[in-house]
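Survey of secondary and tertiary structure
One letter stands for each residue in the lines below.
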Amino acid sequence: MSSLLTRVKLKQIEKAIEEEKRIDQRTLSDYRIFTIEQGVIQKAEGSAKIFLGKTEVLVGIKVEKGTPYPDTPNNGVMTVNAELVPLASSKFEPGPPGEQAIELARIVDRGIRESEAIDTEKLCIVPGKQVFIVFVDIYVLNHDGNLIDASAMAAVSALMNTKMPNYEIVDDEIVIKQGYSPLPLKDHPVTVTIGKINDKLIVDPGLEEEEVMDSRISIAFTDDGRICAMQKGGSGYFTTKQVSEAMKLAQSTAETQRKKLKW
Amino acid sequence: MNEKPKKLINKKGLRLDGRKPDELRPVKLKVGILPNADGSAYIEHGKNKILAGAFGPREMHPKHLQRADRMVLRCRYHMAPFSVPERKSPAPSRRENELSKVIRDALLPSLFVENYPRTGVDLYIEVLQADGGTRCASITAASLALADAGLPMRDLIVACAAGKVDNKIALDLMDTEDKIGAADVPVAYMPNLNAVTLLQMDGKLSPKEFDEAIKMAIEGCKKIYDIQKEALKTKYKIIEQEEVEE
């Protein structure tokens, strides 16, 4: 996997980080420039595409009718799925989602679910019988690092862009009316990933940095600055001091990201 | 459906099972209970009952998964269909897939993988009964299974969660508390290195509450660590006794 060329590159990355620099000229706490375009897929109820550096992620939202879970009869349902499409990286292979894709989907899911971003009570059509199901499908189109943050931002953007069909209930039957209204949202979680290379913390790791980094931590923040989800990944560890440093770094980064996103 | 209790902490400050907010559930650990595994451990953490078995280091199959410079750890977290109130399909769910990955990531920092090139260790975790906090209990048992398999380690890995119930930070949530409570923070930890190897969170916490929760979880970890070490020593005490008797 690691050819001679990449090994040389990895050494360069480690050396740069040692000097508090990065190979793409960023400082340790710099986020890459990103652009988001909403409504790129007309057939979907909502969609958004993000470019984060060269990382490209498309999220499409489909809204369908379905039955609620028995333990939450008055709430609509949200599911998140992620596909690491083989054209996005030579390391992705066709087939059902593997561990990496499942973890990605579940981190994004947790940020949205635990912040209670979607007002699921408003997605109830007939209590216990019929609700709206919001399908969030993450499609990674190019992998250049930090798929977690890119997917999380694109997913929330796509939800903000989602339209729900207007309807009426006639004799317990749903009748679709003309026009659309926006998906009811209560929060807009911002997820920030911090990587750790040789005991230095870096914001928004790029693909090559991900190859060197021994662990990462992703933290999601609500509108009012509370933490709503967290996940450590990678085969390394954080000392308790590094955890609180990463926490502070993620917190300040999330604030500036939120301003840039205008959420 | 059972009626949900409204209060998780009563007027006396005690929880549903009579514990204080910073009190652990009883933890029992046994090492070396599976004859066919190279290393094994069994944990009872409150009502959680979990078996962990380690096989290896052995030749890695399939060969294309071998790594020329290190050992590969494969980990499978699986719940028995009868382990939860409603039957769980035996096919691995997305949750189980994710947990297999985070448990592997939590255990790897303790191992000297570069000392065993081209080999693999398979770690199988079977949850026989679940009552909240299975990932933490699994890690505590799995680390013992790896130690029992004779793998040199930087430290044992021990895990415990803290969370928020009824607006109070509490240690080691059981299932009902986890479901109704406001947040859960599972932590895996190497006490000798002060290293956090697993950290997750769901729910809502202010940064200050999070700080309190992770500190409480680590204190819980340290208590379980003592039980863990004792369990490992007990196995060899028994062997020693048997030898004396012979």
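Since the model is a prediction, treat every value here as computed from it, not as a measurement. (Residues numbered from 1 in each chain as written. Chains lettered and ligands numbered in written order. Predicted model: local features only at pLDDT ≥ 70, side-chain atom pairs only at ≥ 80, totals over all residues. Heavy atoms only, no water.)

Some words on the overall build of chain B
From N to C terminus, chain B includes four helices and nine strands. Starting at the N terminus and walking to the C terminus, you meet the elements of chain B as β-β-β-β-α-β-α-β-β-α-β-β-α. Here the C-alpha atoms of chain B give a radius of gyration of 19 Å, agreeing with the 18 Å that 2.2 N^0.38 yields for 246 residues. The C-alpha extent of chain B, read off along each of the three principal axes, is 55 × 50 × 35 Å. Within chain B, the fraction of its 246 residues that count as buried is 53%. Looking at chain B as shown, the accessible area adds up to about 11600 Å², and 52% of this sits on carbon and sulfur atoms. Of note, chain B has its 40 positive side-chain charges centred 5 Å away from the centre of its 36 negative side-chain charges. (Helix = DSSP H or I, 4+ residues; strand = E, 2+ residues; numbered from the N terminus. Rg over C-alpha atoms; globule rule 2.2 N^0.38 Å. Buried < 20%, exposed > 50% of the residue type's maximum accessible area, 1.4 Å probe, protein only. Areas by Shrake-Rupley, 256 points an atom, 1.4 Å probe, with all protein chains shown as cover. Lys, Arg positive; Asp, Glu negative; His and termini not counted. Charge placed at Lys NZ, Arg CZ, Asp CG, Glu CD.)

Focus: the packing of aromatic side chains
Enumeration according to the criterion identifies two aromatic pairs over all chains in this entry. For the ring pair Phe132(A) and Tyr167(A), a centre distance of 5.5 Å and an interplane angle of 65° mean the geometry is edge-to-face. Here Tyr167(A) lies in strand S7 (residues 163–170) and Phe132(A) lies in strand S6 (residues 130–142), a separation of 35 residues in the sequence. Using a relative accessible area of 25% as the deciding quantity, one classes Tyr167(A) as partly exposed. The ring of Phe238(A) has Lys196(A) sitting right over it, with the charged end atom 5.5 Å from the ring centre. For Arg154(B), the ring lying beneath its charged end belongs to Phe112(B), and the centroid distance is 4.3 Å. (Phe/Tyr/Trp six-rings, centres within 6.5 Å; stacked < 30°, edge-to-face > 60°. Lys NZ or Arg CZ within 6 Å of the ring centre and 35° of its normal.)

Description of a negative patch on the surface
Judged by side-chain charge, Glu240(B), Glu242(B), Glu243(B), Glu245(B) and Glu246(B) come together as a negatively charged surface patch. Residue classification places Glu246(B) among the exposed positions, given a relative accessible area of 83%. (Patch = residues over 30% accessible without salt bridge, like charges linked within 9 Å, V, L, I, M, F, W, Y side chains within 5 Å. Salt bridge = Lys/Arg side-chain N within 4 Å of Asp/Glu carboxyl O.)

A short note on the interface of chain A and chain B
Tallying the contact residues gives 34 residues for chain A and 33 residues for chain B. Approximately 2900 Å² of surface area, both sides summed, lies buried where chain A meets chain B, with 56% of it carried by carbon and sulfur atoms. Connecting chain A to chain B are five salt bridges. The salt bridge involving Glu98(B) is made with Arg110(A); its shortest N-O contact spans 2.7 Å. Linking chain A to chain B there are 19 residue pairs in polar contact (both at pLDDT 80 or more). If you list the elements that add at least two residues to the side of chain A that touches chain B, you get strand S4 (77–84), helix H2 (99–114), strand S11 (215–221), strand S12 (227–233), strand S13 (238–239) and helix H5 (240–261) of chain A. Here S13(A) runs beside strand S9 (residues 195–205) of chain B; their pairing, made up of two bridges, is antiparallel. When the bridges of S9(B) are listed, Thr239(A) appears paired with Ala195(B). (Contact = heavy atoms within 4.5 Å. Buried area = accessible area lost by both parts, 1.4 Å probe. Polar contact = N/O pair within 3.5 Å; in protein donor to acceptor, adjacent residues only side chain to side chain. Pairing = 2+ DSSP bridges.)

Some words on the nonpolar core
Counting 132 residues, the largest nonpolar core has Leu199(B) and Phe210(B) as its most contacted members. The element contributing the most residues to this core is helix H4 (residues 207–245) of chain B, with eleven residues. Beyond its immediate chain neighbours, meaning those up to four positions away, Leu199(B) contacts Ile217(A), Met230(A), Gln231(A), Lys232(A), Val243(A), Val185(B), Pro186(B), Val187(B), Phe210(B) and Ile214(B). Within the second largest apolar cluster, eight residues are counted, among which are Leu10(A), Ile13(A), Val212(A) and Met213(A). (Core = buried A, V, L, I, M, F, W, Y, C linked by side-chain atoms within 4.5 Å.)

Re the sheet that holds strand S2 (residues 39–45) of chain B
Residues and elements named next belong to chain B. One open sheet holds the five strands; their spatial order is S1-S2-S3-S5-S4, and the pairing between them is mixed. Two strands lie at the open edges of the sheet, namely strand S1 (27–31) and strand S4 (72–79), each paired on one side alone. Going across the sheet, the axis of each strand differs from the next one's by a mean of 15°, ignoring polarity. The pairing of S2 with strand S3 (residues 48–59) spans seven bridges and is classified as antiparallel. (Axes fitted to C-alpha atoms, helices over the stretch in contact; angles between N-to-C directions.)

Regarding the environment of Asn142(A)
Residue and element names in this part refer to chain A. Examined against the element boundaries, Asn142 turns out to sit in strand S6. C-alpha separation for the pair Asn142 and Pro94, spaced 48 residues apart in sequence, amounts to 15 Å. The residues contacting Asn142, other than those within four sequence positions of it, are Lys54, Thr55, Glu56, Ala88 and Leu147. A polar side-chain atom of Asn142 sits 2.7 Å from the main-chain carbonyl oxygen of Lys54.

Notes on the side chain of Asn146(A)
All names here are of chain A. Along the polypeptide, Asn146 turns up in the loop between S6 and helix H3 (147–160). In this structure the side chain of Asn146 is engaged in a polar contact, spanning 2.7 Å, whose partner is the side chain of Asp204. Every residue in contact with Asn146, bar those within four places of it in the chain, is listed here: Tyr31, Arg32, Leu52, Thr193, Asp204, Pro205 and Glu210.

Regarding the packing of helix H2 (residues 134–148) of chain B against H4(B)
All names here are of chain B. Running from N to C, H2 and H4 point in directions that differ by 35°, and their axes come no closer than 11 Å. For the element pair H2 and H4, the recorded crossing hand is right-handed. Across the interface between the two elements, Thr140, Ser143, Leu144, Ala147 and Asp148 from H2 touch Ile224, Gln228, Ala231, Leu232, Lys235 and Tyr236 from H4. Taken together, the residues of the contact of H2 with H4 sort by class into six nonpolar, three polar and two charged. (Left-handed = near helix turned anticlockwise from the far one by under 90°. Nonpolar A, V, L, I, M, F, W, Y, C, P; charged D, E, K, R; others polar.)

Description of empty space enclosed by the protein
Using the criterion set out here, one finds three cavities of 30 Å³ or more in the structure. Estimated volume of the largest cavity: approximately 60 Å³. As for the largest cavity, its lining consists of Ile107(A), Arg110(A), Gly111(A), Thr191(A), Ser218(A), Ile219(A), Ala220(A), Ala229(A), Met230(A), Gln231(A) and Met201(B). At the level of secondary structure, the elements contributing two or more residues to the lining of the largest cavity comprise H2, S11 and S12 of chain A. A class-by-class count of the residues in the lining of the largest cavity yields six nonpolar, four polar and one charged. What lines the second largest cavity is Ile107(A), Val108(A), Gly111(A), Ile112(A), Ala152(A), Val156(A), Pro189(A) and Thr191(A). Looking at the lining of the second largest cavity, the elements that each hand over two or more residues are H2 and H3 of chain A. When its residues are assigned to classes, the lining of the second largest cavity shows six nonpolar, two polar and no charged. (1 Å grid on protein atoms, 1.4 Å probe; cavity = no way out; pocket = protein on both sides within 12 Å on 5 of 7 lines; lining within 4 Å. Points joined across faces, edges and corners; volume = space filled by probe spheres on them.)

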